[in-house]
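# Chains, contacts and geometry: an overview
If you want the building blocks of each chain, they are given just below.
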Amino acid sequence: MQWIDICSVDDVPMRGSRVVSAPGGDIAVFKTAKGRIFALWDKCPHKGGPLSQGIIHGDAVTCPLHNWVIGLESGEVKGPDQGCARKVAVLVEGDRILLAADAFHRSAA
Amino acid sequence: MAKKLVIIGNGMAPGRMLEHLFEEAPGVWDVTIFNAEPRVNYNRLMLSPVLSGEKTYEDIITHDDAWYASNGVTLHKGRKVTAIDRDQRTVTAEDGTTTTYDKLVIATGSMPFIIPVPGHDLEGVVTYRDLDDVQKMLDAAAEGGNAVVVGGGLLGLEAAAGLHMRGMNVTVLHLMPTLMERQLDPAAAHLLQAAIEKRGIAVKCKANTHAILGDGKVKAVKLDDGTEIPADIVVMAVGIRPSVQLAKDAGVNVNRGILVDDRMLTSDPHVYALGECVEHRTGIYGLVAPLYEMAKVIAAQLAGGAADYAGSVMSTKLKVTGIDLYSGGDFAEGKDREEIVLRDASRGVYKRLVLKENKIIGVVMYGDTGDGPWFFDKLKKGEDISESREMLIFGQSMAGGQPLDPTAAVAALPPDAEICGCNGICKGKIVEAIAGKNLDSIDGVRAHTKASASCGSCTGLVEKLLVLSLGEKYQPNAVQPMCGCTELGHADVRRLIVAQELRSIPELMQKLEWKTSCGCAKCRPALNYYLLATWPGEYEDDNQSRFINERVHANIQKDGTYSVVPRMWGGLTSAKELRAIADVVEKFAVPTVKVTGGQRIDLLGVKKEDLLGVWADLNKAGMVSGAAYAKGLRTVKTCVGSEWCRFGTQDSTGLGVKIEKFMWGSWTPAKVKMAVSGCPRNCAEATCKDVGVICVDSGYDIHFAGAAGLDIKGTELLCHVNSEEEAIEMIAALTQLYREQGHYLERIYKWAKRVGIQSIKDNIVSDRAKRKHYYDRFVYSQTFLQVDPWAERVAGKDAHEFTPLRPQQQLLAAE
């Protein structure tokens, strides 16, 4: 599997996220309070809201548009709602964050 | 033209009559009320809880000023009617106000009876009838000392309990051998006396007051047997007599009360009489249920229908917390009567049913009154009880063979059984309302059915109906938790932040045992606000605990772009500002430009990475963030006021600008929108804002707690001030009180409803020192907050928010 170096772990704020532009759309890179790193395509399964702009709590993010809660590990919607945000594979090597290269292929979207 | 209805007296009975009338025939009558008391209609049954401190005056108001206004009622407060001219059909008040009527309702109520013993006119001798009396008793209680209550009836005992709870040494004097002899038989009265004495209230029966001693002011009460009981206050609660003088002077037929027929008409067909002043078929009534029945009868006729009043059987409950007592019907002994009695001395329970021809005609219960309404229902219906007689006294759960579930008694009641005696509301109506209107609280039931809204003694039954209908979903005293991360409610958390000096979100979550590791999207923004408002200058704002709009100081739109609203102080702008806005629109290809409801210009569809550029250009033209995204001061809308408008009384635009410049940047529990109108024509629509100022010739009326969104609500008047400086101080103090008490996302009108308008006025208006205190805290907090967030970010703050990441290595063409 090929990986692409994106940024250092410190570039993503704690309980925050950064956006990476890819040919198929934006990818949100999240860092939880415990320092775990996750990546999802930046689209809520509900109405396409930018998950990167939500509040991150535990291993989940709340979408800024309509407060759907999405699990960062699986991308699945928690609670009464149904749906799944698409995951992007992440690799943390030392202090570097890498994303799966196939996410950046034009066909990935 | 509407016919004229004039009402003399504004007690509970005419209040209820108008409710029925407006429901059945709105707009038919032009109503004028003369009230000798200087206030609106309140629930007189609830004076005792006010005296004991369990409720406040605001809690017991039935109709506030707004109700009179919205129903077009002219209410003359504090104007006593002195004459009725039945030929001319006019009434005249003390101050000369004269009004004509087509129909007149005399509802003058009753006067407390004062025993004419020597000294009855000394200072410190009071009756127990209205709020003024309660105030006198509270003033006396504030100084402590001794109180003597003359009269061991319902009112006297409630007064005694209240004064005792307020810390006075209380003695009750009663002429008869036992307490409440009109409602209780001697056995129950002894149990009651023991319970009252156990609380520390002295009771003397067969005590005839000989004189009240004192020198200008009361010092003691002397009994016939020579005993002297020291007293700083003497409360006369020996009975009432109908107030008939006015009717008598007008030539209406009067006996003990004003004589009425079954239609409640007096000897004059244009004049009704209603309430405690009435004598109907030789009966005089002092309890609320029959008065409400009369009210209904008159309202039905005024609405064009027909109705008769046939007299009432009454039940009574003593409203002294911790003493459970119920009586109804007739329980005198007689040859043709039998009785069933149950005594359980160790539990302090006594139940007695009086029977006549196999029907219940009287009920007396002490200690365990749960079955009272069940018995009373049988009494009113004249049900034959011979079948269930053996088990009858054990109540419905036993008589019906049901298990002893606390709600079983209520469950077994038929739908037409009366639950609320005051308002005549039956079980079926309450159950229907709970299901039909999705009610889940006592307050909800009160609002929709009126059950439990008068004397409150049926509250327990209504609660059982809620339990019955909702099961575990009904939680009477449950605090609504902030979110799933804690059991604590917003109020608890705010209190604990101060009490335990919690200064950061992690510390708070640790100490208050949060159930999640770092909260959720509901609690974190709330906690961040609470800490920020509690520790100004010390707490470091946690950006990751803010919603995106407040984190990036713009409003996210459905497609992930943002809208940008620059501040225009008081809604004023200029050629320079408009030019800069136009340039920004063209430079960044902003797709939509719109004027907002708060007199601002909104640039919609700005891409996130363009925000810094847009702000930088707007900053250069002198514009700052309009905070259109903030739980904070949004806008102060103004009209042009005295500067341009021919009706303007003050410089409303100027005041709006001053308020906005003083208050911008402050974070609040929810958004705050204000307005200043230059005259009562109110072009700035100030009376539906969180805070609104209406300029008048004599100064400024400050309003608050309006809403024009999910809810629509006119504002409440906070106060009137004479200068701009006072207006700003008042508004800042009000805002600070809201900042310190409000729950996150709770708008001002909801906060005001929760804490009570009066409590806000007490803090801000009546108490100069407190106002200053809140004002100073607001000013202090502002010193940390009035920094333009746009300029800060243009200068480099939170750069990561606005800059997308770029992959560090170019992807090798893998295709």
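Rules used throughout
In this numbering scheme, every chain counts its residues from 1 along its sequence in written order. Each chain is given a letter, starting from A, and each ligand a number, starting from 1, according to the order in which they appear as written. At least 70 in pLDDT is required for a residue's local features to be given in this predicted model, at least 80 for side-chain atom pairs to be given and counted, and no such filter applies to totals for whole chains, interfaces and linings, which use all residues. The helix and strand labels rest on DSSP assignments: H or I over at least four residues marks a helix, E over at least two residues marks a strand, and numbering proceeds from the N terminus. Here a residue counts as buried when 20 or more other C-beta atoms fall within 10 Å of its C-beta, as exposed when 12 or fewer do, and as partly exposed in between; the C-beta atoms come from the backbone. Note on contacts: residues are paired as contacts if their backbone-placed C-beta atoms lie within 7 Å. For this classification, Asp, Glu, Lys and Arg are treated as charged, while Ala, Val, Leu, Ile, Met, Phe, Trp, Tyr, Cys and Pro are nonpolar and the rest, including Gly, are polar. Each pair of strands is called paired provided DSSP finds at least two bridges between the two strands. Angular values range over 0 to 180 degrees, each being the angle between N-to-C directions of two axes fitted as lines to C-alpha atoms, with helices fitted over their stretch in contact. Per-residue confidence from the prediction method is given by pLDDT, with values spanning 0 to 100. Here, expected helix span is obtained from the residue count minus one, scaled by 1.5 Å. Comment: arc refers to directions from the helix axis out to C-beta atoms. Angular relationships are summarised with four words: roughly parallel below 35 degrees, roughly antiparallel beyond 145, roughly perpendicular across 65 to 115, and oblique for the angles in between. The handedness criterion is simple: a crossing whose near helix is rotated anticlockwise from the far helix by less than a right angle is left-handed, and one whose near helix is rotated clockwise is right-handed. By convention in this section, buried Ala, Val, Leu, Ile, Met, Phe, Trp, Tyr and Cys residues joined through C-beta atoms within 7 Å make up a nonpolar core.

## Observations regarding the overall build of chain A
Of regular secondary structure, chain A possesses zero helices and 10 strands. Put simply, chain A runs from its N terminus to its C terminus through helices and strands in the order β-β-β-β-β-β-β-β-β-β. When each of the 109 residues of chain A is scored for burial, the buried share is 47%. Here the contacts in chain A between residues at least 6 apart in sequence split such that 44% fall between residues at least 24 apart.

## Quick look at the overall build of chain B
Scanning chain B from N- to C-terminus turns up 29 helices and 40 strands. For chain B, the proportion of its 815 residues judged to be buried stands at 44%. Across chain B, every contact between residues at least 6 apart in sequence was considered, and the portion connecting residues at least 24 apart equals 61%.

## As for the interface of chain B and chain A
Opposite the 23 residues of chain B that make contact, chain A presents 31 residues. Of the residues in the side of chain B that touches chain A, the class split is 11 nonpolar, nine polar and three charged.

## Quick word on the environment of Phe 647 of chain B
All names here are of chain B. Mapping Phe 647 onto the fold places it in the loop between helix H22 (641–644) and helix H23 (652–663). Taking the C-beta count within 10 Å as the criterion, Phe 647 has 12 such neighbours and is therefore assigned exposed. A sequence separation of 31 residues divides Phe 647 from Gly 678, and the C-alpha atoms of the two residues are 7.8 Å apart. Here Phe 647 is in contact with Cys 679 and Arg 681, once residues within four sequence places are set aside.

## A few points about the sheet that holds strand S7 (residues 90–93) of chain B
Residue and element names in this part refer to chain B. Pairing within the open sheet is antiparallel, and its three strands lie in the order S6-S7-S8. Looking at strand neighbours, the two that pair on one side only are strand S6 (81–85) and strand S8 (98–100), the edges of this open sheet. Strand-to-strand twist across the sheet, computed as the mean angle between neighbouring axes with direction ignored, equals 20°. Here four bridges tie S6 to S7, and the two strands are oriented antiparallel to one another. Across the sheet, Val 81 pairs through a bridge with Ala 93, a residue of S7.

## Quick look at the sheet that holds strand S31 (residues 562–564) of chain B
Residue and element names in this part refer to chain B. In space, the four strands of this open sheet follow the order S30-S31-S33-S32, with antiparallel pairing throughout. Where the open sheet ends on each side, the last strands, each with one partner, are strand S30 (555–556) and strand S32 (592–595). As judged from the four bridges shared by S32 and strand S33 (residues 601–606), these two strands associate in the antiparallel manner. The partner of Val 595 across the bridge, within S33, is Ile 601.

## Notes on the confidence of the model for chain A
Of the residues in chain A, 95% have a pLDDT of 70 or more, and the chain-wide mean is 91. When pLDDT is averaged over each helix and strand of chain A, the minimum, 90, is found for strand S8 (residues 77–78) of chain A and the maximum, 96, for strand S4 (residues 37–41) of chain A.

## A word on helix H4 (residues 131–142) of chain B
Residues and elements named next belong to chain B. Relative to the 16 Å expected for 12 residues at 1.5 Å per residue, H4 spans 16 Å between its end C-alpha atoms, a close match to the ideal helical length. Looking only at H4, the buried set comprises Met 137, Ala 140 and Ala 141. Each buried residue of H4 sits inside an arc of 100° when the element is viewed along its axis, so together they form one side. In H4, the exposed residues that point more than 90 degrees away from the buried face are Asp 139 and Ala 142. In the core, the buried residues of H4 are packed alongside helix H2 (47–52), strand S11 (125–127), strand S12 (146–150), helix H5 (154–165) and strand S18 (233–236). Phi for Gly 144, located one or two positions after H4, is positive at around 70°.

## Remarks on the packing of helix H24 (residues 724–741) of chain B against helix H26 (residues 757–766) of chain B
All names here are of chain B. Two numbers describe how H24 lies on H26: the axes approach to 10 Å, and their chain directions differ by 135°. What the angle tells us is that H24 and H26 run oblique. Note on packing geometry: the crossing formed by H24 with H26 is right-handed. Judged by residue contacts, Met 730, Ala 733, Leu 734 and Leu 737 of H24 engage Ile 760, Asn 763 and Ile 764 from H26. Residues of the contact of H24 with H26, tallied by class, amount to six nonpolar, one polar and no charged.

## So, the environment of Val 657 of chain B
Along the chain, Val 657 of chain B turns up in helix H23. Along the backbone, Val 657 of chain B and Val 676 of chain B are 19 residues apart, and their C-alpha atoms lie at a distance of 9.6 Å.

## Re unusual backbone geometry
Residues and elements named next belong to chain B. With a phi close to 50°, Glu 357 is a non-glycine residue in the positive phi region. The topology assignment puts Glu 357 in the loop between strand S26 (349–356) and strand S27 (359–366). The class of Glu 357 is exposed, set by 11 C-beta atoms lying within 10 Å. Positive phi outside glycine occurs at His 553, with the angle close to 55°. You can see His 553 is positioned in the loop between helix H19 (548–552) and S30.

## Here's the deal with the pairing of S27 of chain B
Residues and elements named next belong to chain B. Burial analysis of S27 places six of its eight residues in the buried class, which makes it a mostly covered element. Across five bridges, strand S24 (residues 325–329) lies against S27 in antiparallel orientation. Within the sheet, the bridge partner assigned to Gly 329 lies in S27 and is Gly 362. As paired strands, S26 and S27 are joined by seven bridges and run antiparallel to one another. Looking at S27, one finds that Lys 351 is bridged to Met 365. Between S26 and S27, which follow one another and run antiparallel, lie two residues, and Glu 357 among them has a positive phi close to 50°.

## Overview of helix H15 (residues 459–470) of chain B
All names here are of chain B. Here H15 is 12 residues long and its end C-alpha atoms lie 16 Å apart, about the 16 Å a rise of 1.5 Å per residue gives. Within H15 the residues assigned to the buried category are Leu 461, Val 462, Lys 464, Leu 465 and Leu 466. On its buried face, H15 sits against helix H9 (372–381), helix H12 (408–411), strand S28 (418–420), helix H13 (427–436) and helix H14 (442–449). Phi turns positive one or two residues past the end of H15, at Gly 471, with a value near 65°.

## Examining the nonpolar core
Grouped together as the largest cluster of nonpolar side chains are 132 residues, with contacts concentrated most on Ile 106, Val 149, Val 234, Val 235, Ile 258, Leu 274 and Ile 298 of chain B. Looking at which element gives the most residues to this core, the answer is helix H8 (residues 288–302) of chain B, with 10 residues. Setting aside residues no more than four positions away along its own chain, Val 149 of chain B makes contact with Gly 156, Ala 159, Ala 160, Val 170, Val 172, Leu 173, Val 235 and Ala 237 of chain B. Membership of the second largest hydrophobic core comes to 120 residues, among which are Cys 7, Cys 63 and Ile 70 of chain A together with Trp 790 of chain B.

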